[in-house]
Amino acid sequence: MPKARFAELPPPDDCNPSGNPSLWDLLDSAPNRRHWLRQGAAAWLTAWAGASPAVAAAPPTPPAPPAPSASGRLGFQPLAMTAGGAALQVPTGYTARLLYRWGDPVGMPGHMPELPPDASHSAADQARMAGMHHDGMGWFPLPGPEAPGAAANSRHGLLAVNHEYTDENLLHPDGMTGWNAAKTAKSLAALGVSIIEVQAEEPGAGQPPRWALQRPSRYARRITAGTPMRIAGPAAGHRMMRTEADPQGRRVLGTFNNCACGVTPWGTYLTCEENFHGYFEPPEQLSDHHRRWGLRPGGRWHRWHEFEERFDLRRHPNEFNRFGWVVEIDPYDPTSTPVKRSALGRATHEGATCALLRDGRVAVFMGEDARFEYLYRFVSRDRVRPGGAAANRDLLDHGTLSVARFDAEGQGRWLPLRHGHGPLTRAQGFADQGEVVIKARQASDALGATKLDRPEWTAVDAASGWVYVSLTNNSARGKAELPGADAANPRAPNPMGHILRWKHHGDLGSETFDWEVFALGGEAEGDAFGGPDGLMIDPRGLLWVATDHSPTAVPAQPGDRLWLPRNQLLACDPAAGPGAAALRRFLIAPHGCEVTGPVMTPDCRTLFLNLQHPGVDPAADASRNPWAGAWPQPGQRPRSATVVITKDDGGPIGN
Ligand code: FEO
Ligand code: CA
Ligand code: CA
């Protein structure tokens, strides 16, 4: 896929593709990989298959280490930003280990294929392996959500791992050459979600937990872009959801572009469909609806439609409406059918962070990662009931979806997307609540919601009541006819992004709130960051920020505090107050790689993290092998992976 495809898309509707340059900048800026793309690589790989892994090598000594946090709650020695080396860096006294790479067996009983060096494996094998490009991730303690004390289990559980997108040039021995049905099937099989079982032996005193994948596991599962699912909520059965293959509009095959996520209080996983529009062949005549959702002539990124006709909107126009949802999965039941929860609205969804209200209902906060798009909240009608997934099977089908308006004086309001109220009427193009949720962008436009700088993850600090959202960047703000700076998006353009937070007047279900800018990317105080993306509030109330920043976004030089050639994970103590000065750099990613999916165990002694789209260290000698500087195994195809980070003395992470 040439970068030109992305450049052709106009900025206002252009979510991740033009604004998240990481993958494509990597392709453009990594001469080694470009060379491979031109030459083909199968011969290189077999010769280098025996190279040894380079994971979590000792971090280089920071030249001028910043101080630990002033609040005293963060005790690690922060890292100084470095460009050299391909390794993952963590502070002195910590170790990161590989857990689950693209192509590792998931662990379903029976055949457990391993990734061959030339990626010549079949689609059937790919469906039993980790998918590509790990992203959001959730922790599900065993033996299960209803077992006494299970919620606190920090040694044995399930991880649900999103696989966001495919890199066809890594997935097949010869990339896109000779695109065919087998390659299409393999591409679909490399997406979706993994459910894996992980366990650590109880460590001795002063020892860290040592984690291993449990294989085989009765929980192990892969959900792909072809897995049968159910559609529930107001869009189920709607005329805009009916297709030739599903005349009832209640069944759909698969989920893809699964970005961030959420974990419900009843122990299910929410996986979020982000940039779905690029997977479809557009119709010749684009409607306003198509355009508002990002379809453009020539704007398709994949060739799936040539062999899976449901992706050809010229023949099946409604298939497009059946993606862009939050999908609920019961990780404890590998036979369960995933459900698209349409009451939460359609969006290029980033994440779906859940929190309980005081009365036992649930709130779900959701960013839509596209330039000038919106922030959403769903509040359930009913209270969460004990009994796990079975007792709450319809909870996310009834409730109120709202979109955020941030007013200039630091106050804000949730605007309900409720059919029949305000402009959301048949006369205005919304025939019923199903059409409101399918056309949630248009409904939010009509309500006057605030257009944000690509809202990505949200995080809820239940103790303080603050809710955080990362606004990753928006280099188009202020350009030409596009919106300029406003109170909640104070910089135009905004290449480094920022983090907002708000506190409700009442509980998390209240209609109004106060908000403030928590931290601006690119600030020189503290440890500079750009492209905030993944957010996590850990059980102690510490805020963790994972970045997805393009080093080309700011033309800075080594020595400049804003020189950020690699992505990172930072921690801060939000109790110390807002400001970039509070952020401390805990991890530096391998070259070219995005940091995402942070998950802390309840005891805070294990941090699971995903490293997405690792690149190739340009400093490595590539004269004999274009992937000499690849992560995690030099000389082999780069592989996104889950890593597990522990403190060497077995103590809490970050303290
Ligand atoms: Fe998939 Fe917005 O990151
Ligand atoms: Ca993201
Ligand atoms: Ca991102």
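Residues numbered from 1 in each chain as written. Chains lettered and ligands numbered in written order. Predicted model: local features only at pLDDT ≥ 70, side-chain atom pairs only at ≥ 80, totals over all residues. Heavy atoms only, no water.

Turning to the overall build of the chain, a few remarks are in order. Assigned secondary structure in the chain consists of twelve helices and 30 strands. In the chain, which comprises 655 residues, the proportion classed as buried is 62%. Long-range pairs, those at least 24 residues apart, make up 67% of the contacts in the chain with a sequence separation of at least 6. Entry remark: accessible area of the chain is about 22000 Å², with carbon and sulfur atoms responsible for 52%. (Helix = DSSP H or I, 4+ residues; strand = E, 2+ residues; numbered from the N terminus. Buried < 20%, exposed > 50% of the residue type's maximum accessible area, 1.4 Å probe, protein only. Contact = heavy atoms within 4.5 Å. Areas by Shrake-Rupley, 256 points an atom, 1.4 Å probe, with all protein chains shown as cover.)

Looking now at the coordination of the calcium ion (ligand 2). Around the calcium ion (ligand 2), the donor atoms from the protein are E350 (OE), E456 (OE), D533 (OD) and D533 (OD), and they sit 2.3 to 2.6 Å away. Donor residues for the calcium ion (ligand 2) sit on one chain with the sequence pattern E-x105-E-x76-D. Residue classification places E350 among the buried residues on the basis of a relative accessible area of 0%. (Donors = N, O, S within 2.8 Å, 3.2 Å for Na, K, Ca; no water.)

Moving on: the sheet that holds strand 17 (residues 399-406). Hydrogen bonding along the main chain pairs the strands of a sheet, whether they run parallel or antiparallel. Within the open sheet, the nine strands sit side by side as 13-14-16-17-18-23-22-21-20. Their pairing is antiparallel. Unpaired on one side and paired on the other, strand 13 (353-356) and strand 20 (455-460) mark the two borders of the sheet. Going from strand to strand, the sheet's axes swing by 30° on average, the running direction of each strand aside. Against the sheet, helix 12 (residues 440-447) touches strand 16 (375-380), strand 17 and strand 18 (411-416), its axis set at about 100° to strand 16. (Pairing = 2+ DSSP bridges. Axes fitted to C-alpha atoms, helices over the stretch in contact; angles between N-to-C directions.)

A word on helix 8 (residues 181-189). Turning to helix 8, its buried residues number three or more, namely K183, T184, K186, S187, L188 and A189. Each element contacted by the buried residues of helix 8 is listed here: helix 6 (123-126), helix 7 (168-171) and strand 6 (221-223). With a side-chain oxygen lying 3.1 Å from the backbone nitrogen of A182, the N-terminal cap of helix 8 falls on N180. (Polar contact = N/O pair within 3.5 Å; in protein donor to acceptor, adjacent residues only side chain to side chain.)

All right, on to the sheet that holds strand 26 (residues 568-572) then. Taken together, four strands build an open sheet; the order of strands is 24-25-26-27 and the sheet is antiparallel. Lying at the two open borders of the sheet, with one neighbouring strand each, are strand 24 (532-537) and strand 27 (584-588). The sheet shows a mean angle of 25° between the axes of neighbouring strands, direction not considered.

Put simply, a metal with four donors set out as a tetrahedron has ideal angles of 109.5 degrees, and one with six donors set out as an octahedron has ideal angles of 90 or 180 degrees. Surrounding the calcium ion (ligand 3) are the protein donor atoms E456 (OE), D533 (OD) and D548 (OD), which sit 2.4 to 2.5 Å from the metal. Each donor residue of the calcium ion (ligand 3) lies on one chain, and together they are spaced E-x76-D-x14-D. Distance-wise, the calcium ion (ligand 2) is placed 3.6 Å from the calcium ion (ligand 3), both being coordinated by E456. Of the two residues, E456 sits in strand 20 while D548 sits in the loop between strand 25 (543-547) and strand 26, which places them 92 residues apart along the sequence. Classification of D548 by relative accessible area gives buried; the value is 4%.

Along strand 25, five of the five residues are buried, which leaves the element largely enclosed by surrounding structure. Neither face of strand 25 is open: one carries L543, V545 and T547, the other W544 and A546, and all of them are buried. Looking at chain direction, strand 24 and strand 25 are connected through five bridges and run antiparallel. When the sheet's bridge partners are listed, G534 is paired in strand 25 with A546. The hairpin turn running from strand 24 into strand 25, its antiparallel successor, is five residues long, and G541 in that turn takes a positive phi close to 90°.

This brings us to the pattern of salt bridges. Going through the model one piece at a time under the given rule, you end up with 34 salt bridges. Notably, a salt bridge pairs K183 with D174, separated by 2.7 Å at the nearest N-O pair. Given the relative accessible area of 8%, K183 is considered buried. Here D312 makes a salt bridge to R314, at a shortest N to O gap of 2.8 Å. Take D312: its relative accessible area is 6%, and that puts it in the buried class. In this structure, a network of salt bridges that share partners links the residues D246, E308, R310, E319 and R322. (Salt bridge = Lys/Arg side-chain N within 4 Å of Asp/Glu carboxyl O.)

Among the structural elements, E168 can be located in helix 7. Residue contacts for E168: discarding those within four places in its chain leaves G175, M176, W179, S187 and H302. Among the polar contacts made by the side chain of E168, one reaches the side chain of H172 at a distance of 2.6 Å.

All right, on to unusual backbone geometry then. In this model, A492 is joined to P493 through a cis peptide bond whose omega is -5°. Its location among the elements puts P493 in the loop between strand 21 (466-471) and strand 22 (498-504). For the bond running from W631 to P632, omega is 5°, close enough to zero to count as cis. Locating P632 in the fold gives a position in the loop between strand 29 (607-612) and strand 30 (641-647). Positive phi, normally seen in glycine, also occurs at A480, with a value near 45°. For A480, the position within the fold is in the loop between strand 21 and strand 22. Of note, the phi angle at H613 is positive, near 40°, even though the residue is not glycine. Of note, H613 is situated in the loop between strand 29 and strand 30. What makes H613 buried here is its relative accessible area of 3%.

Turning our attention to the packing of aromatic side chains. Here the structure, examined in full by the defined rule, presents 31 aromatic pairs. Aromatic side chains F140 and Y269 sit 5.9 Å apart centroid to centroid with 85° between the ring planes, which places their arrangement in the edge-to-face category. With F140 in strand 2 (residues 134-141) and Y269 in strand 10 (residues 269-273), the pair connects residues that are 129 residues apart, well separated along the chain. Their ring planes at 65° and their centres at 5.9 Å tell us that F365 and W502 sit as a pair that is edge-to-face. With F365 in strand 14 (residues 362-367) and W502 in strand 22, this pair connects stretches of sequence that are 137 residues apart. (Phe/Tyr/Trp six-rings, centres within 6.5 Å; stacked < 30°, edge-to-face > 60°.)

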